[in-house]
Amino acid sequence: MFDKILLAVDGSEHALHAARTAADLARSMKTSEIRIVTAYDFIPPYLGEPNMQYAIDARMESAKTIMQKAVHAVGDVPCEIHTELIEGPAAEAIIDVASTRKSNVIVMGSRGLGTLAGLLLGSTSQKVVAHAPCPVLIVR
Ligand code: ATP
Ligand code: MG
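Before going into details, it helps to say that this report is about the structure given with it. Nothing here was measured: the structure is a model prediction, and the numbers come from that model.

Looking at the site of ligand 1
Right, so step 1: As a matter of local geometry, ligand 1 sits amid 21 residues, with A8, R111, G114, S123 and T124 nearest to it.
Right, so step 2: The separation between an oxygen atom of ligand 1 and a polar main-chain atom of G109 is 3.0 Å.
Right, so step 3: With respect to ligand 1, the side chain of R111 contributes an N or O atom lying 2.6 Å from an oxygen atom.
Right, so step 4: At a threshold of 2 Å from the grid points, most atoms of ligand 1 map onto the largest pocket.
Right, so step 5: Split into classes, the residues belonging to the shell around ligand 1 amount to 9 nonpolar, 10 polar and 2 charged.

Right, dumping it as structure tokens:
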């Protein structure tokens, strides 16, 4: 049923918790792949060179670190792990990957790195729940 899992991560504790849940799901279902997605902000071209390249490199480095921690949190699973670093708005990136890769479920945290206290569901989760092409598992 959950053959292909898309796991969305942003470097938050919530997302790492979602990663452990995605791994549990993969171990208990006949899952063939977990695809981990992290989206990083678009770099505006008006920064100019060499600042633009510095900014791109810094974003890529932090996205790679986020991904490494997520892969570590997933741990040993009896399926393939794929990773995708995508430039652009997170919800759109997650929905695009879920559509293109025909994911069966999206696993994500209820909150992320946002600091607004009292918010039950972050804006990325809200958008994904509203527009996803498949079931969404929001981990609390
Ligand atoms: P907000 O961003 O609205 O201030 P928030 O950061 O607390 O609120 P969300 O951004 O909705 O909440 O994060 C909820 C979940 O969405 C995260 O736990 C993570 O699974 C996923 N997510 C958030 N940002 C990204 C991102 N840039 N790339 C991939 N997944 C993300
Ligand atoms: Mg956020």
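Having seen the model, we can carry on.
A closer look at the sheet that holds strand 2 (residues 33-40)
Right, so step 1: Here we have 5 strands laid out as an open sheet, ordered 3-2-1-4-5, and parallel in their pairing. The open sheet has two edge strands with one neighbour each: strand 3 (80-87) and strand 5 (136-139). Across the sheet, the mean angle separating the axes of adjacent strands is 20° when strand polarity is ignored.
Right, so step 2: Two strands pair when backbone bridges link them, and strand 4 (residues 105-109) and strand 5 are joined in this way by 4 bridges, in the parallel orientation. By the bridge assignment for strand 5, G109 is matched with V139.
Right, so step 3: Each of strand 1 (4-8), strand 2 and strand 3 is contacted by helix 2 (residues 51-74), which is oriented at about 150° to strand 2, the strand it contacts most.
Right, so step 4: Together, strand 4 and strand 5 form the strand contacts of helix 4 (residues 123-131), whose direction differs from that of strand 4 by roughly 160°.

Reading guide: rules and limits
- Residues numbered from 1 in each chain as written.
- Chains lettered and ligands numbered in written order.
- Predicted model: local features only at pLDDT ≥ 70, side-chain atom pairs only at ≥ 80, totals over all residues.
- Heavy atoms only, no water.
- Near = heavy atom within 4 Å.
- Polar contact = N/O pair within 3.5 Å; in protein donor to acceptor, adjacent residues only side chain to side chain.
- 1 Å grid on protein atoms, 1.4 Å probe; cavity = no way out; pocket = protein on both sides within 12 Å on 5 of 7 lines; lining within 4 Å.
- Sits in = over half its atoms within 2 Å of the grid points.
- Nonpolar A, V, L, I, M, F, W, Y, C, P; charged D, E, K, R; others polar.
- Pairing = 2+ DSSP bridges.
- Helix = DSSP H or I, 4+ residues; strand = E, 2+ residues; numbered from the N terminus.
- Axes fitted to C-alpha atoms, helices over the stretch in contact; angles between N-to-C directions.
- Contact = heavy atoms within 4.5 Å.

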